[in-house]
Amino acid sequence: MGCRIPLAAGAWLDHEPSWLEAREADELLRALREELSWEQRAIVLFGREVLQPRLIAWAGDLGYRYSGQTLEPRAFTPALAEIRERVRLLTGTPFNHVLANRYRDGRDAIGLHADDEPELGRDPVVATVSLGGTRRFVLKPRRKTMPGGARFDLAHGSLVVMGGTCQRHFVHGVPRQLDVTDERISLTFRRLLRAPG
Ligand SMILES: O=C(O)CCC(=O)C(=O)O
């Protein structure tokens, strides 16, 4: 059974810990490891080029620009197309882009950030499927005066959907967890309204 975590100022987050059955999640993880072209890319952070501490792959009808890099349009593989359709049926959002993050172990991470690129529009819905090792998800208000936030584990086969004003008022991330040795892959589905200008 999933639950909605109510947040301040019109933001919301849904968490379905066992969205996929274990067998389906295992099969998807195996397919993604094989089908996707994984790479470690450099991004611009505080004006400096650094390697992202994780591998990425993606698929999308339009290019996606974030953190000073552009991901060119790339076809959805069969496994990505199938899971995108399932996420669309649940959320009602016609996602046209997916960014896959591969955390090789607990040393890989993604810092606190918002998915607030202009191409996503004002209040985007962003859905994340988690596969493999369990990692901690952290959501914090941007302003110290705003209440709320969340911190919970993302299990194999779970789904998180952020919506409303979440990207305007909150930042989220997956911090380093040095005790974690398992690999994790996340699929973050977005709907781009236009190509980057
Ligand atoms: O791996 C995750 O669960 C989060 C990924 C994320 O925040 C992103 O791709 O923007």
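That block above? That's the structure.
Here we summarise the structure given alongside this text. (Residues numbered from 1 in each chain as written. Predicted model: local features only at pLDDT ≥ 70, side-chain atom pairs only at ≥ 80, totals over all residues. Heavy atoms only, no water.)

## Side note on the environment of P6
Moving on, step 1. Topologically, P6 is positioned in strand β1 (residues 3-6).
Moving on, step 2. A residue is classified by how much of its surface remains accessible, and P6, at 69% relative accessible area, is exposed.
Moving on, step 3. As for P6 and D182, which are separated by 176 residues in sequence, their C-alpha atoms are 31 Å apart. (Helix = DSSP H or I, 4+ residues; strand = E, 2+ residues; numbered from the N terminus. Buried < 20%, exposed > 50% of the residue type's maximum accessible area, 1.4 Å probe, protein only.)

## Some thoughts on the site of the ligand
Moving on, step 1. The environment of the ligand is made up of 14 residues, and the closest members are Y103, H113, R184, S186 and R190.
Moving on, step 2. The separation between an oxygen atom of the ligand and a polar side-chain atom of S186 is 2.7 Å.
Moving on, step 3. Separating an oxygen atom of the ligand from a side-chain N or O atom of T188 is a distance of 3.4 Å.
Moving on, step 4. Here the ligand, which alone exposes 290 Å², has 97% of that area covered by the protein. (Near = heavy atom within 4 Å. Polar contact = N/O pair within 3.5 Å; in protein donor to acceptor, adjacent residues only side chain to side chain. Areas by Shrake-Rupley, 256 points an atom, 1.4 Å probe, with all protein chains shown as cover.)

## Here we look at the sheet that holds strand β9 (residues 110-113)
Moving on, step 1. With antiparallel pairing, the 4 strands of this open sheet are ordered in space as β9-β14-β11-β12. Two strands in the sheet have a free side with no partner beyond their single neighbour: β9 and β12 (150-154). Each adjacent strand pair in this sheet contributes to an overall mean axis angle of 15°, direction not counted.
Moving on, step 2. Bridging between β9 and strand β14 (residues 170-174) involves 2 bridges; their strand directions are antiparallel. Paired with I110 across the strands is V174, a residue of β14. (Pairing = 2+ DSSP bridges. Axes fitted to C-alpha atoms, helices over the stretch in contact; angles between N-to-C directions.)

## Structural notes on the sheet that holds strand β13 (residues 158-164)
Backbone hydrogen bonds hold the strands of a sheet together, and the pairing may be parallel or antiparallel.
Moving on, step 1. Pairing within the open sheet is antiparallel, and its 7 strands lie in the order β1-β2-β13-β10-β15-β8-β5. With one partner strand each, in any of the chains shown, β1 and β5 (55-60) form the two edges of the open sheet. Along the sheet, successive strands turn relative to each other by an average axial angle of 15°, direction set aside.
Moving on, step 2. The pairing of strand β8 (residues 97-103) with strand β15 (residues 184-190) spans 7 bridges and is classified as antiparallel. Each residue of the ladder has a partner; that of R102, found in β15, is I185.
Moving on, step 3. Contacting β5, β8, β10 (126-132), β13 and β15, helix α2 (residues 78-91) runs over the sheet at an angle of about 60° to β15. (Contact = heavy atoms within 4.5 Å.)

## Examining the environment of E27
Moving on, step 1. With respect to the secondary-structure elements, E27 resides in helix α1 (residues 22-35).
Moving on, step 2. On the basis of relative accessible area, E27 is assigned to the partly exposed category, the value being 43%.
Moving on, step 3. On a C-alpha basis, the gap between E27 and V44 in space is 34 Å, while along the polypeptide they are 17 residues apart.

## Structural notes on α2
Moving on, step 1. Taking 1.5 Å of rise per residue, 14 residues should cover 20 Å, and α2 covers 20 Å from first to last C-alpha, within 8% of that figure.
Moving on, step 2. A79, L80, I83 and V87 are the residues of α2 that are buried. Buried residues in α2, looked at end-on, bunch into an arc of 90°, giving them a common side. Of the exposed residues in α2, the ones pointing more than 90 degrees away from its buried face are P78, E82 and L89.
Moving on, step 3. If you follow the buried residues of α2, they end up packed against α1, β5, β8, β10 and β15.
Moving on, step 4. The first or second residue beyond α2 is G92, which carries a positive phi of 75°. (Expected span 1.5 Å × (residues − 1). Arc of directions from axis to C-beta.)

Purely spatial values, then, with no claim about function.
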